[in-house]
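So you can see what is in the structure, the chains are spelled out below.
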Amino acid sequence: QVQLVESGGGLVQAGGSLRLSCAASGSISSSNAMGWYRQAPGKQRGLVAAITSGHFANYADSVKGRFTITRDNAKNMVYLQMHSTKPEDTAVYYCNVGVYDSGTYYSFDYWGQGTQVTVSS
């Protein structure tokens, strides 16, 4: 079992910044990849960013250049720094544990409660 606890969400004005944190515990290895997903009302959950244990990161096109994913392997923490936020970034953000295979991130079915991010225009 893996437990994931997200924090750091809130209300931010468009153009502002926010930093999300996720604490992972349980049956997790530092070799696992980790990712951030988001789900807006009426939309499917989608991958925002993912990072390997070696700190190689991939991003959705919609957040490239604005968001940065980092991790602390010693603490089993993953972070999402959000800059230049837009109203379309409004969503519940979830962190996730998974693996990379041939350059593609695959999520395990472990989810936290999520953290709400609301960007006002």
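Residues numbered from 1 in each chain as written. Predicted model: local features only at pLDDT ≥ 70, side-chain atom pairs only at ≥ 80, totals over all residues. Heavy atoms only, no water.

> It is not clear to me how the state of the cysteines should be interpreted in this structure. Could you clarify?
A covalent bond between the sulfur atoms of two cysteines is referred to as a disulfide. Evaluation of the coordinates by the stated rule reveals one disulfide. With a sulfur-sulfur separation of 1.8 Å, Cys22 is cross-linked through a disulfide to Cys95. Separated by 73 residues along the polypeptide, Cys22 in strand β3 (residues 18-26) and Cys95 in strand β9 (residues 91-101) bring together distant segments of the chain. Exposure remark for Cys22: the relative accessible area of 0% places this residue in the buried category. Owing to a relative accessible area of 0%, Cys95 belongs among the buried residues under this scheme. (Disulfide = S-S within 2.5 Å. Helix = DSSP H or I, 4+ residues; strand = E, 2+ residues; numbered from the N terminus. Buried < 20%, exposed > 50% of the residue type's maximum accessible area, 1.4 Å probe, protein only.)

> Help me out: how do you make sense of the packing of aromatic side chains in this one?
Between two aromatic rings, the relevant description is the distance of the centres plus the angle of the planes. Scanning all chains against the criterion turns up four aromatic pairs. Each ring, one from Tyr94 and one from Trp111, has its centre 6.2 Å from the other, and the planes form 85°; the classification is edge-to-face. Of this pair, Tyr94 sits in strand β9 while Trp111 sits in the loop between β10 (104-107) and β11 (115-120); the two residues are 17 residues apart in sequence, bridging distant segments of the chain. Its relative accessible area of 29% is what places Trp111 among the partly exposed residues. Note on Tyr100 and Tyr105: the rings are 5.7 Å apart at their centroids and 70° apart in plane angle, and the pair reads as edge-to-face. One aromatic cluster in this structure is built from Tyr37, Tyr94, Tyr100, Tyr105 and Trp111. The residue whose ring lies beneath Arg19 is Tyr79, and the NZ or CZ to ring-centre distance is 4.1 Å. The ring of Trp111 has Arg45 sitting right over it, with the charged end atom 4.5 Å from the ring centre. (Phe/Tyr/Trp six-rings, centres within 6.5 Å; stacked < 30°, edge-to-face > 60°. Lys NZ or Arg CZ within 6 Å of the ring centre and 35° of its normal.)

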